[in-house]
Amino acid sequence: MRTKEILLYGAGGHGKVVLDALLTSVDDLSGLLVVDANPELHGTEFLGFVVAMPGNCLALAPRNFHVSIGRCDVRRSVHEQLAGRGHEAMTVVHPEAVVSRFARVESGSFLAARSVLGPGAAVGAGVVVNHGAVVDHDCTVGAFSHIAPNATLGGAVRIGPGVLIGAGAVVLPGVSIGEGATIGAGAVVVSDVAGFTTVVGVPGRVLQQESRA
Ligand SMILES: CC(=O)SCCNC(=O)CCNC(=O)[C@H](O)C(C)(C)COP(=O)(O)OP(=O)(O)OC[C@H]1O[C@@H](n2cnc3c(N)ncnc32)[C@H](O)[C@@H]1OP(=O)(O)O
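Criteria and cut-off values
- Residues numbered from 1 in each chain as written.
- Predicted model: local features only at pLDDT ≥ 70, side-chain atom pairs only at ≥ 80, totals over all residues.
- Heavy atoms only, no water.
- Helix = DSSP H or I, 4+ residues; strand = E, 2+ residues; numbered from the N terminus.
- Rg over C-alpha atoms; globule rule 2.2 N^0.38 Å.
- Contact = heavy atoms within 4.5 Å.
- Areas by Shrake-Rupley, 256 points an atom, 1.4 Å probe, with all protein chains shown as cover.
- Lys, Arg positive; Asp, Glu negative; His and termini not counted.
- Charge placed at Lys NZ, Arg CZ, Asp CG, Glu CD.
- Near = heavy atom within 4 Å.
- Polar contact = N/O pair within 3.5 Å; in protein donor to acceptor, adjacent residues only side chain to side chain.
- Nonpolar A, V, L, I, M, F, W, Y, C, P; charged D, E, K, R; others polar.
- Pairing = 2+ DSSP bridges.

**Q** Before we go on, may I ask you to explain the overall build of the protein chain in this structure?
**A** When its secondary structure is counted, the protein chain shows 2 helices and 25 strands. Taken against the 2.2 N^0.38 rule, which gives 17 Å for 213 residues, the C-alpha radius of gyration of the protein chain at 17 Å falls within 12% of a compact globule. In terms of overall dimensions, the protein chain has C-alpha extents of about 45 × 40 × 30 Å along its principal axes. Here the analysis covers contacts within the protein chain between residues at least 6 apart in sequence; of these, 27% occur between residues at least 24 apart. With an accessible surface of roughly 9700 Å², the protein chain has 54% of that area assigned to carbon and sulfur atoms. Within the protein chain, the 17 negative side-chain charges are centred at a point lying 3 Å from the centre of the 14 positive side-chain charges.

Structure (structure tokens):
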């Protein structure tokens, strides 16, 4: 990894967690550039770095980038813009994440402290596996999904792209969750969930289903 040229896009709460992981795992961050689209953050201090405007970063020479934005759709949009300009997506793994050597992780993902990826797990691009979340054996997690803190996916769960699994939720083994679905915090999902559907509670029940017709 070219550790001296990293672009970190996102200086909110999730960005703080990602930068903390980078500070723990990369020796030389002297060339790190932190940017955020929120004008209120420009020029503010962020774990020892000063937040810059993203305006010119798309024109920078190609470098490694990581989009540290919690919202799945926004993370995906920024990631695709940067990749389209020739920048190279970089995965950030906290040293205290536990990742099976039989797991696969695509570029631009983030594995937080105490997250676990079991053998045979496959995680797509730009995915967040947050603090303490478990993606157990043979699970697949679609691109730009977010497995929030302490959520647990049982074995062979299939998660589509752009899905939020809320904090502390549990998905029973073998269950499939469709693209763009949201699983509420603390839910226990016992059966398949259609795309763009919000499920809450124990056992999980549909709160809302978005029509995409
Ligand atoms: C480090 C980090 O912070 S990572 C961030 C991770 N984020 C999360 O875990 C948040 C996940 N989001 C949630 O759980 C949300 O509450 C959602 C998406 C399920 C629902 O959000 P909204 O659509 O805004 O629903 P809203 O808040 O209006 O609530 C609608 C109803 O569902 C209930 N409800 C909302 N969330 C839940 C939940 N997690 N479990 C059970 N019931 C819930 C509400 O009490 C309300 O019930 P009522 O109609 O009887 O009053």
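**Q** Before we go on, may I ask you to explain the site of the ligand in this structure?
**A** Taken together, the residues surrounding the ligand are His146, Ala148, Pro149, Gly166, Ala167, Thr182, Gly184, Ala185, Thr198, Val200 and Leu207. A distance of 2.7 Å separates an oxygen atom of the ligand from a polar backbone atom of Ala167. Within the contact set of the ligand, an oxygen atom lies 2.9 Å away from a backbone nitrogen or oxygen of Ala185. Considering the ligand on its own, with 970 Å² of exposed area, one finds that the protein chains cover 38% of that surface. A class-by-class count of the residues in the shell around the ligand yields 6 nonpolar, 5 polar and no charged.

**Q** Just to check I follow, could you spell out the sheet that holds strand β12 (residues 122–123) for this structure?
**A** In any sheet, the strands associate via hydrogen bonds between backbone groups, in a parallel or an antiparallel arrangement. Strand order in the open sheet made by the 5 strands is β9-β12-β15-β18-β21, with parallel pairing throughout. The outermost strands of the open sheet, each flanked by one partner alone, are β9 (104–105) and β21 (176–177). With 2 bridges joining them, β12 and strand β15 (residues 140–141) adopt parallel strand pairing. Across the sheet, residue Ala122 finds its bridge partner in β15, namely Thr140.

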